[in-house]
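# Fold and geometry: a report
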Amino acid sequence: MTALAAFQEGVQLSNSGKYAEAIDFFDRALAASPNDEWTLSNSGYCLFRLGKYRESISRLEHGVELYPKNLVMRANLVSVLDAAGLWYRLIPHLRILCETGDAPTEACFRLAHCLASLGRVSEAIVYYQKGLALDCSDHRKISEYLGMLNYSDQETAATIAQQHFLWGKKFAAPLNEQCFARSWDKDRRLKIAFLSSDLFNHPVCKILVAMLPQLSQASFDVTVFNDSPRRDHWTDRISKAASVIVPTARWPDDQLQQYIEKAKIDILLEINGHSGTKNRLQMLARRVAPIQISFLGYPATTGVPEIDFKITDEYADPPGIADEFYSEKLVRIPAGMFGYTPDVALPAVTKSPCHQRGFVTFGCFNNPVKASPALIATWAAILRSLPDSRLVLKYGQLYQGPIGEVWKDLWYHRFGLLGIPPHRILFKEPDESLADHLRGIAEVDIALDTFPYQGTMTTVDTLCASVPVVSLAGDSYCQRASSAILSKLGFDEFVADSPRRYVETAVRLAETTKELVGIREKIRERLLASNLFRPDLYVHEFEKCLRSLWIDRCGKTNDGC
């Protein structure tokens, strides 16, 4: 059988889904013509369909090297790399497919996601914009783009807000203002609902677990819409705290809307915004409850006009500064952004490790995607100022396995360009429990917050370990979450207003090692005495806030509408 005949037989078998038989004929063809373009492409595809990823990748990479203009073969290589979990190797191939492929929109969005996952935020934004210019019909892609803007050190709070306002209109449904069949009694028991796709081992869920048991059963009937298929012991704890919990992950918007309307929910608090694996902003744009509130889950405006309020505080969103960055009306609770109860006993306050090591160890435990170029330059300036210091990085299991090696190389490269050698950048393995994690945090002397997208629960955990956090305050919640927590606790001396002052603050703390012991003790004292650790106080003000919004809404009714 000739190579051509073997190839043709292989194609017929492949088209019939008989991939194993097809491979036999393609291999015969390759034996006679080892570098035939379409035999390499088709056989690589069959190996992919058979789950033989390593062999498929080897064959397709060889083919792409020989025939770089063969976009079909390159697209097959992208598919098998993705299926094999090697998404970080897609970037050069997706760039070509974005420019010349048959599905440039899909390639642009996939490339944007890969770049974002490696912290290459500015590049990711460019490809999100290219993809949306080609097709803006998928609201999930719009949300991914808007969420990514929060990580950029090239965007101001004002420009981020304007993009949210612009795209928020895409969510709006052409429906008239609804009439709600309600009793507009301002003092009656209210039906409130929380809607989230993060009700598992996630900061949002942990905050809700602390809050919900404190809510007055006499004043509120509480429903929780669990919009995630994931489930763990945190999900079980939420289930016990709510009056009703409804699993809605598989529900389309219409079904959830009908449930909300039938249940006569008075106040709906959405806890995703543009974050998470999914959101219900299109549904909320239809006005499904008399009062709709953005709460906890997203650090910026939704941009959706039908979401009435965002609950925050004066530290995270300063009056007269932050209001213009939201389509929602800001409602500031004096107690703070939230109340929280750690799930474990706090570790004992220990001396700063620098007293034994003889040098200062900085640390960051945030998602490394938040490490903007401006942040890395600032950290490098700190490390250059203190030549014996080290920087410890930790984030879940990210620094394990092949992707962990990719991330480590990225960090080494980025710091190397700024004169910081690899031995000064250290990586910590994940801990099995929160208690171990807090003890691990205590092994650093000073924590460095990310900017412009700050930490929130990461900062709380760090303070639980009695470690000081250096932060750079911006203009809105996303850029002030850590700074707000620190200021609320009376630690304004840890909050900088410029990168230069951020460096000065970190260096000053590092050079006063004798004071670090007293600082750790002061952090523990203030934390335990704060509203942050009193979810009952927070919930009391939260309840007053909801009741006030309801009374105001009752005053605006007209003929029951």
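## With respect to the overall build of the protein chain
Counting its secondary structure elements, the protein chain contains 23 helices and 13 strands. When its C-alpha atoms are laid out on the principal axes, the protein chain stretches across 85 × 70 × 40 Å. In the protein chain, which comprises 561 residues, the share counted as buried stands at 55%. Partitioning the contacts of the protein chain with sequence separation of at least 6, the portion at a separation of at least 24 is 69%. Of the roughly 23,800 Å² that the protein chain leaves accessible, carbon and sulfur atoms contribute 50%. Across the protein chain, 63 positive and 66 negative side-chain charges occur, with their mean positions spaced 2 Å apart.

## Considering the layout of surface pockets
As a volume, the second largest pocket reaches approximately 330 Å³. Forming the boundary of the second largest pocket are 14 residues, of which Ala-75, Val-78, Leu-97, Ala-103 and Glu-106 lie nearest the centre. Secondary-structure elements contributing two or more residues to the lining of the second largest pocket are α5 (71-83), α6 (91-100) and α7 (104-117). The element that contributes the greatest number of residues to the lining of the second largest pocket is α5, accounting for six residues. When grouped by side-chain class, the residues that make up the lining of the second largest pocket number eight nonpolar, two polar and four charged.

## Regarding the packing of aromatic side chains
A full pass over the atoms with the stated rule returns 22 aromatic pairs. Relative to Phe-427, the ring of Tyr-412 lies with its centre 5.7 Å away and its plane at 80°, an arrangement referred to as edge-to-face. Highlighted residues: Tyr-412 in helix α17 (residues 401-416) and Phe-427 in strand β10 (residues 425-427), separated in sequence by 15 residues. Here Phe-427 falls in the buried class, since its relative accessible area comes to 17%.

## Some points on the environment of Ala-289
Topologically, Ala-289 is positioned in the loop between α14 (281-284) and β5 (291-294). Spatially, the C-alpha atoms of Ala-289 and Gln-257 are 9.1 Å apart, while their sequence positions differ by 32 residues. Those residues in contact with Ala-289, other than ones at most four positions away along the chain, are Phe-180, Ile-265, Asp-266 and Leu-268.

## Quick look at helix α3 (residues 37-49)
Over its 13 residues, α3 extends 19 Å from the first C-alpha to the last, a length consistent with the 18 Å expected when each residue adds 1.5 Å. Burial in α3 covers these residues: Thr-39, Leu-40, Ser-41, Ser-43, Gly-44, Cys-46, Leu-47 and Phe-48. Elements that come into contact with the buried residues of α3 comprise α1 (3-15), α2 (19-32), α4 (53-66) and α5. Where α3 terminates, the next one or two residues include Gly-51, which has phi positive at roughly 80°.

## Observations regarding the pattern of salt bridges
Taken as a whole, this structure holds 27 salt bridges when the rule is applied. The shortest N-O distance in the salt bridge between Arg-231 and Asp-236 comes to 2.8 Å. Classification of Arg-231 as exposed rests on a relative accessible area of 57%. Measuring nitrogen to oxygen at the nearest pair gives 2.9 Å for the salt bridge that ties Asp-323 to Arg-332. The class of Arg-332 is partly exposed, set by a relative accessible area of 23%. If you follow the salt bridges from partner to partner, you end up with Arg-95, Arg-120 and Glu-123 in one network.

## Thoughts on the nonpolar core
Phe-194, Leu-268, Phe-295, Phe-362, Trp-379 and Phe-542 are the most contacted members of the largest nonpolar core, which totals 181 residues. The residues touching Trp-379, leaving out its near neighbours within four places in the chain, are Cys-364, Leu-391, Leu-393, Trp-411, Phe-415, Leu-448, Asp-449 and Tyr-502. If you look at the next biggest cluster of nonpolar residues, it comprises eleven residues, including Phe-7, Ile-23, Ala-29 and Cys-46.

## Some points on unusual backbone geometry
Peptide bonds are, in most cases, trans, and in most cases residues other than glycine have a negative phi. Following Phe-451, the chain continues to Pro-452 via a peptide bond in cis, the omega torsion being 5°. Positionally, Pro-452 belongs in the loop between β11 (446-448) and α19 (457-464). A positive phi is found at Lys-264, a non-glycine position, where the angle reads about 55°. Looking at Lys-264, the relative accessible area reads 40%, which means it is partly exposed. Its identity is not glycine, yet Leu-296 carries a phi of approximately 70°, on the positive side. Here Leu-296 lies in the loop between β5 and β6 (309-312). The class of Leu-296 is buried, set by a relative accessible area of 14%.

## As for the packing of helix α9 (residues 139-149) against helix α10 (residues 157-168)
Where α9 meets α10, the closest approach of the two axes is 9 Å, and the angle between their N-to-C directions is 165°. Relative to α10, the element α9 is oriented roughly antiparallel. α9 and α10 meet at a crossing whose hand is left-handed. Listed contacts from α10 to Ile-142, Tyr-145, Leu-146 and Leu-149 of α9 are Ile-160, Gln-163, His-164 and Trp-167. Partitioning the contact of α9 with α10 into residue classes produces six nonpolar, two polar and no charged.

## Overview of the side chain of His-274
Its place among the elements puts His-274 in the loop between β4 (267-270) and α14. Excluding residues that lie within four positions of it along the chain, His-274 makes contacts with Ser-143, Leu-146, His-164, Phe-171, Asn-279, Leu-281, Tyr-298, Thr-301 and Thr-302.

## Topic: the sheet that holds β10
Strand order in the open sheet formed by six strands is β10-β9-β8-β11-β12-β13, and the pairing between neighbours is parallel. Two strands close off the open sheet at either side, each with one partner strand: β10 and β13 (495-496). Of the strands in this sheet, β8 (361-364), β9 (390-393), β10 and β11 touch helix α16 (residues 373-385), which is tilted by about 140° from β9.

## Some thoughts on the environment of Gly-320
Here Gly-320 shows up in the loop between β6 and β7 (329-332). Looking at Gly-320, the relative accessible area reads 73%, which means it is exposed. Each C-alpha atom, one on Gly-320 and one on Leu-426, is 42 Å from the other, the two residues being 106 residues apart in sequence.

## Re the sheet that holds strand β2 (residues 220-226)
Sheet strands associate in pairs through backbone hydrogen bonding, adopting either a parallel or an antiparallel arrangement. Read across the sheet, seven strands follow the order β3-β2-β1-β4-β5-β6-β7 without closing on themselves; strand pairing throughout is parallel. Each edge of the open sheet is held by one strand with a lone partner, namely β3 (244-247) and β7. Each neighbouring strand pair of the sheet contributes to a mean axis angle of 25°, computed without reference to strand direction. Taken together, the two bridges between β5 and β6 define a ladder with parallel strand orientation. The partner of Ile-293 across the bridge, within β6, is Phe-309.

Criteria and thresholds
Residues numbered from 1 in each chain as written. Predicted model: local features only at pLDDT ≥ 70, side-chain atom pairs only at ≥ 80, totals over all residues. Heavy atoms only, no water. Helix = DSSP H or I, 4+ residues; strand = E, 2+ residues; numbered from the N terminus. Buried < 20%, exposed > 50% of the residue type's maximum accessible area, 1.4 Å probe, protein only. Contact = heavy atoms within 4.5 Å. Areas by Shrake-Rupley, 256 points an atom, 1.4 Å probe, with all protein chains shown as cover. Lys, Arg positive; Asp, Glu negative; His and termini not counted. Charge placed at Lys NZ, Arg CZ, Asp CG, Glu CD. 1 Å grid on protein atoms, 1.4 Å probe; cavity = no way out; pocket = protein on both sides within 12 Å on 5 of 7 lines; lining within 4 Å. Points joined across faces, edges and corners; volume = space filled by probe spheres on them. Nonpolar A, V, L, I, M, F, W, Y, C, P; charged D, E, K, R; others polar. Phe/Tyr/Trp six-rings, centres within 6.5 Å; stacked < 30°, edge-to-face > 60°. Expected span 1.5 Å × (residues − 1). Salt bridge = Lys/Arg side-chain N within 4 Å of Asp/Glu carboxyl O. Core = buried A, V, L, I, M, F, W, Y, C linked by side-chain atoms within 4.5 Å. Axes fitted to C-alpha atoms, helices over the stretch in contact; angles between N-to-C directions. Parallel < 35°, antiparallel > 145°, perpendicular 65-115°, else oblique. Left-handed = near helix turned anticlockwise from the far one by under 90°. Pairing = 2+ DSSP bridges.

Keep in mind these numbers describe shape, not what the thing actually does.
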